[in-house]
Amino acid sequence: MSSKPIFLGINIDHVATLRQARGTSYPRPVDAVTMVEQAGADSITVHLREDRRHIQDFDLAEIKAVMRTHMNLECAVTDEMLAIAVSTAPSDCCLVPENREELTTEGGLDVAGQIDRVRDAVQHLSASGIRVSLFIDPDPAQLDAAVAVGASVVELHTGRYADTSGDEQAGELRRVVKAAQYGDDLGLVINAGHGLNYNNVAEIAAIARIVELNIGHSIISRALFDGLPAAVGEMKRLMTQARGE
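Keep in mind that what you see is a predicted model, and the values were worked out from it rather than measured.

Undergrad: Explanation requested: the packing of aromatic side chains in the structure shown.
TA: For the structure shown, the criterion picks out zero aromatic pairs. Seen from the ring of Tyr198, Arg222 lies directly overhead, with NZ or CZ sitting 3.8 Å from the centre.

Structural data, given as structure tokens:
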């Protein structure tokens, strides 16, 4: 087993989902930040959607003011979102596809199909000192495109792996492994996420080329029963155990 460390980015969007469901001022995502950092989170991920279904603009400033790790801001490739990213100045910005009708992100960003648009976005964010990541399917063509547009990081979409089982899941796992190897050989930083939970995380965490996993829904769900620190701690334990740390 590799002793290479693996990092955990916690997506706290669904703290805001619970707040927005009732239109109250609580629970506040900012209150989760210190708890998850103390429990082992290595970064905080938030997705500001165009329809503002969970995270709100004011959450970004509140979170940035108290966090001790770093922010990974997920957003669509639109002028509005890019402007917000620049003004927020997170350490990292992950560009994602977005469809207002979807319950959650349903696939990776088609970088290969919109090279110029994504390259412009990467250059715009990079000029402000923001490290840019692209949320893509584990596909060599998309990894080549990520290099072509100047991104330094990709997050491999693990949704198909998470949503399958048996031989189909094994095939999806092999696809993620090959993509991680290929992207790492290209010089990209390889992260991964989407749909990962306490039952399926170990196989992904064991992939030595992957640097960080971004996980949210399963941890917030577990926290309803076990508490947030315990939920984060258990996820981190499973990941580090998979790496032999």
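Having put the structure on the table, let's press on.
Undergrad: What is the right way to look at the nonpolar core in this model?
TA: As a rule of thumb, nonpolar side chains are buried together in soluble globular proteins. Membership of the largest hydrophobic core comes to 71 residues, with the highest contact counts inside it found for Leu95, Leu134, Leu156 and Leu213. When residues in this core are grouped by element, the largest group, seven residues, is from helix H11 (residues 228-242). Leave out the neighbours within four places in its chain, and Leu134 touches Cys94, Leu95, Leu109, Val111, Val118, Val122, Ala146, Val149, Ala151, Val153, Val154 and Glu155.

Undergrad: Honestly, the pattern of salt bridges in this entry has me stumped. Any pointers?
TA: In this structure the tally under the stated criterion is 14 salt bridges. Salt-bridge contacts for Asp51 lead to Arg53; the nearest nitrogen and oxygen are separated by 3.0 Å. By relative accessible area, Arg53 is classed as partly exposed at 25%. We note a salt bridge from Glu80 to Arg52, for which the minimum N-O separation is 2.9 Å. Of this pair, Glu80 sits in helix H4 (residues 79-88) while Arg52 sits in the loop between strand E2 (43-47) and helix H3 (57-66); the two residues are 28 residues apart in sequence, bridging distant segments of the chain. A relative accessible area of 39% means that Glu80 is categorised as partly exposed. What makes Arg52 buried here is its relative accessible area of 18%. Among the charged side chains, a network of salt bridges with common partners joins Arg52, Asp57 and Glu80.

Undergrad: Would you mind going over the pairing of strand E8 (residues 210-215) with me for this structure?
TA: Remark: a regular strand shows side chains that alternate across the two faces of the sheet. Of all six residues in E8, five are buried; the element is thus mostly enclosed. As paired strands, strand E7 (residues 189-193) and E8 are joined by four bridges and run parallel to one another. Looking at E8, one finds that Ile190 is bridged to Ile210.

Undergrad: Looking at this model, I keep getting lost on the environment of Val154. Mind explaining?
TA: Note that Val154 resides in strand E6 (residues 153-157). Using a relative accessible area of 0% as the deciding quantity, one classes Val154 as buried. Residues Val154 and Cys94 lie 60 residues apart in sequence; the distance between their C-alpha atoms is 8.1 Å. Those residues in contact with Val154, other than ones at most four positions away along the chain, are Ser133, Leu134, Ile136, Leu143, Ala146, Leu188, Val189, Ile190 and Asn191.

Undergrad: Explain the pairing of strand E1 (residues 7-11) to me, please; I cannot follow it from the model alone.
TA: Most of E1 is tucked away: four of the five residues are buried. Inspection of the sheet shows E1 paired to E8 by four bridges, in the parallel sense. Bridge pairing in E8 places Ile10 opposite Ile215. As judged from the three bridges shared by E1 and E2, these two strands associate in the parallel manner. Note that in E2 the partner of Ile10 across the bridge is Ile44.

The rules behind the values
- Residues numbered from 1 in each chain as written.
- Predicted model: local features only at pLDDT ≥ 70, side-chain atom pairs only at ≥ 80, totals over all residues.
- Heavy atoms only, no water.
- Phe/Tyr/Trp six-rings, centres within 6.5 Å; stacked < 30°, edge-to-face > 60°.
- Lys NZ or Arg CZ within 6 Å of the ring centre and 35° of its normal.
- Core = buried A, V, L, I, M, F, W, Y, C linked by side-chain atoms within 4.5 Å.
- Buried < 20%, exposed > 50% of the residue type's maximum accessible area, 1.4 Å probe, protein only.
- Helix = DSSP H or I, 4+ residues; strand = E, 2+ residues; numbered from the N terminus.
- Contact = heavy atoms within 4.5 Å.
- Salt bridge = Lys/Arg side-chain N within 4 Å of Asp/Glu carboxyl O.
- Pairing = 2+ DSSP bridges.

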